[in-house]
Amino acid sequence: MKSLNLLVSTIILAFAFQFQVNAQSVNLSETLKEHFNETVQAVKATDNAEEQRILLNDSFERMIEAVDRIEKAAEWDQDEKDQLYSLKGSIQDRMNELNGEDGYDEVVDEDLLDFSDYSQQMMEQANRNITLSLTTALLIVIILLLL
């Protein structure tokens, strides 16, 4: 009887653990979208163009660094690496456009609010599904907060 109870308990725990792991997966792009949404709100809250530019630059740098660290923190298959490179390239393009680098014209101070909205829309429309474990997602959040 004890063997049967032990077996049933083990099976239930295994299923519960599996369901918990699946329930705690987090999408990387969603985490970055939330972070950038907070940045856009901060940009809209200030009237100083220099502060707006600094907020946007800092946000882009944090997101790029977070993607770099995530890329190094785990083993990824080629498809996942390609998705990470694409995400990082998108963020880098917005940063280059903001600063007038790599062939882009610099965003003028009067257009910073529109640029932040445009960048947020680009991130919202991005079709990226890079799913991570809860631990990795927490690592991303911690990296973004510490940078």
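To be clear, the structure that these remarks concern was listed above.
Residues numbered from 1 in each chain as written. Predicted model: local features only at pLDDT ≥ 70, side-chain atom pairs only at ≥ 80, totals over all residues. Heavy atoms only, no water.

**Regarding the packing of aromatic side chains**
Given two aromatic rings, their pairing is described by the distance between the two centres and the angle made by the two planes.
So, step 1. As enumerated under the stated definition, the model contains 2 aromatic pairs in all.
So, step 2. Ring centres of Phe-36 and Phe-60 lie 5.3 Å apart, and the angle between their planes is 20 degrees; on these two criteria the pair is classed as stacked. One end of the pair, Phe-36, is in helix 2 (residues 28–45); the other, Phe-60, is in helix 3 (residues 49–73), and 24 residues separate them in sequence.
So, step 3. You can call Phe-36 buried: its relative accessible area is 1%.
So, step 4. We classify Phe-60 as buried; its relative accessible area is 1%.
So, step 5. With centroids separated by 6.4 Å and ring planes inclined at 75 degrees, the aromatic side chains of Phe-60 and Phe-115 adopt a geometry described as edge-to-face. In this pair, Phe-60 sits in helix 3 while Phe-115 sits in helix 5 (residues 112–125), placing the two residues 55 residues apart along the sequence. The exposure classification of Phe-60 matches that of Phe-115, with both residues buried.
So, step 6. Through a chain of ring-to-ring contacts, three or more aromatic side chains come together here, namely Phe-36, Phe-60 and Phe-115. (Phe/Tyr/Trp six-rings, centres within 6.5 Å; stacked < 30°, edge-to-face > 60°. Helix = DSSP H or I, 4+ residues; strand = E, 2+ residues; numbered from the N terminus. Buried < 20%, exposed > 50% of the residue type's maximum accessible area, 1.4 Å probe, protein only.)

**Examining the nonpolar core**
So, step 1. Leu-32, Phe-36, Leu-56, Phe-60, Met-63, Ile-91 and Leu-98 are the most contacted members of the largest nonpolar core, which totals 21 residues.
So, step 2. For this core, the secondary-structure elements that each account for two or more residues are helix 2, helix 3, helix 4 (78–99) and helix 5.
So, step 3. Looking at this core element by element, the count peaks at 7 residues for helix 3.
So, step 4. Setting aside its immediate chain neighbours within four residues, Ile-91 contacts Leu-32, Phe-60, Met-63 and Ile-64. (Core = buried A, V, L, I, M, F, W, Y, C linked by side-chain atoms within 4.5 Å. Contact = heavy atoms within 4.5 Å.)

**What about the packing of helix 3 against helix 4?**
So, step 1. Where helix 3 contacts helix 4, the axes come no closer than 10 Å and their chain directions differ by 160 degrees. Taken together, the axes of helix 3 and helix 4 lie roughly antiparallel to each other. As helix 3 packs across helix 4, the resulting crossing turns out to be left-handed. For the pair formed by helix 3 and helix 4, the contact residues are Arg-53, Leu-56, Asn-57, Phe-60, Glu-61, Met-63, Ile-64, Val-67, Asp-68 and Glu-71 on the first element and Leu-84, Tyr-85, Leu-87, Lys-88, Ile-91, Gln-92, Arg-94, Met-95, Leu-98 and Asn-99 on the second.
So, step 2. A class-by-class count of the residues in the contact of helix 3 with helix 4 yields 11 nonpolar, 3 polar and 6 charged. (Axes fitted to C-alpha atoms, helices over the stretch in contact; angles between N-to-C directions. Parallel < 35°, antiparallel > 145°, perpendicular 65-115°, else oblique. Left-handed = near helix turned anticlockwise from the far one by under 90°. Nonpolar A, V, L, I, M, F, W, Y, C, P; charged D, E, K, R; others polar.)

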